[in-house]
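# Working through the structure, step by step
One-letter residues, chain by chain:
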Amino acid sequence: MTTIPLSPTARTQVRRSKERAATDRQVLYDVLQAGMFCHLGVVVDGDPLVLPTAYGVDLDRGPDGTLYLHGSVAARSVVAAPGQTICVTVTHIDGLVLARSAFHHSVNYRSAVVLGRPRLVTDPDEKLHGLTTIVDHLVPGRSSGSRAPNKKELAKTSVLALDLTEASVKTRVGEANDEPEDLDLPFWTGVVPLRVVAGEPISNSDCDLLVPAHVRTRANQLGAPAATGW
């Protein structure tokens, strides 16, 4: 993969609060790698449809990397997507920003927008690779700790591939930006940090195996409390 700067097109150019736009393509990759679900925007039968969707990222496929999206072969969004430009977004809310004035309340966030016309993955090897990438995106190493999909399951599943060429990233960090005349007002101002935190893994009622290392590692990455018996 050849990494190039993140250069938004006319469709992805950040026009409001331009100082929050990222210019380093690595920031895009970081936002995508840190996310677990995206929102897929597609027009179906003339109406916009936005759906939460599982995804995976392969930075070594294509000049700018490839985003793989999972769906059922019968899903209207998956059927319609290859014939049009779609919009995929991934957003992290990192904090509630509370100002002295209601107007300046905000949130700290990292948000990526990817535009493009996806292709339906038909090559069997790439389709399996795409599904493996999606599974391992949620829990790294999980594809090796589970049964691979069989022919019947593969026939029921579709994978879309979207190049990461046309994208933009916007972020906000820091505290509230109060007006100078409001600094003496008797109102608390600050940030309430937010993050995704995992709980202790819970085994199925029909599973008496110990939690495997890759699951434990993923839970620990997400701040799960230490547990005995792991």
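The structure under discussion appears in the preceding block.
### A few points about the overall build of the protein chain
- Assigned secondary structure in the protein chain consists of five helices and nine strands.
- Counting from the amino terminus, helix and strand elements in the protein chain follow one another as α-β-β-β-α-β-β-β-α-α-β-β-β-α.
- Projecting the C-alpha coordinates of the protein chain onto the three principal axes gives extents of approximately 65 × 50 × 35 Å.
- Sorting the 230 residues of the protein chain into buried and exposed places 37% on the buried side.
- Expressed as a percentage of contacts within the protein chain between residues at least 6 apart in sequence, the contacts between residues at least 24 apart total 74%.
- Surface exposure of the protein chain reaches about 13,400 Å², of which carbon and sulfur atoms provide 57%.
- The distance from the centre of the 23 positive side-chain charges to the centre of the 25 negative ones in the protein chain is 5 Å.

### Some remarks on the pattern of salt bridges
- Under the defined criterion, the tally for this structure stands at seven salt bridges.
- R76 serves as the salt-bridge partner of D45, at 3.6 Å between the closest nitrogen and oxygen. Of the two residues, D45 sits in the loop between β1 (37–44) and β2 (47–58) while R76 sits in helix α2 (residues 76–80), which places them 31 residues apart along the sequence.
- The network of salt bridges with common partners includes D58, R61, R119 and E126.

### Let's talk about the pairing of β1
- Where β1 and β2 come together, eight bridges link them in antiparallel fashion. Considered in β2, the bridge of G41 is made with V50.
- Hairpin connection, β1 to β2: the antiparallel pair is bridged by two residues, and D45 has positive phi, about 55°.
- Sheet topology places β1 next to strand β4 (residues 86–98); three bridges connect them, and they run antiparallel. Note on β4: the bridge partner recorded for H39 is T89.

### With respect to the nonpolar core
- In this structure, L28, L67, L69, I86, V88 and L164 are the most contacted members of the largest nonpolar core, which totals 27 residues.
- Of all elements in the fold, only α1 (25–34), β1, β2, β3 (66–72), β4, β5 (106–116), β7 (157–163) and β8 (166–172) reach the threshold of two or more residues within this core.
- In this structure, V88 is in contact with C38, H39, L40, L67, L69, A112, V113, V114 and L162, ignoring residues within four places of it in sequence.
- Ranked by size, the runner-up nonpolar core spans seven residues in total, among them Y68, V121, L131 and V159.

Conventions used here
Residues numbered from 1 in each chain as written. Predicted model: local features only at pLDDT ≥ 70, side-chain atom pairs only at ≥ 80, totals over all residues. Heavy atoms only, no water. Helix = DSSP H or I, 4+ residues; strand = E, 2+ residues; numbered from the N terminus. Buried < 20%, exposed > 50% of the residue type's maximum accessible area, 1.4 Å probe, protein only. Contact = heavy atoms within 4.5 Å. Areas by Shrake-Rupley, 256 points an atom, 1.4 Å probe, with all protein chains shown as cover. Lys, Arg positive; Asp, Glu negative; His and termini not counted. Charge placed at Lys NZ, Arg CZ, Asp CG, Glu CD. Salt bridge = Lys/Arg side-chain N within 4 Å of Asp/Glu carboxyl O. Pairing = 2+ DSSP bridges. Core = buried A, V, L, I, M, F, W, Y, C linked by side-chain atoms within 4.5 Å.

Just geometry here; none of it tells us what the structure is for.
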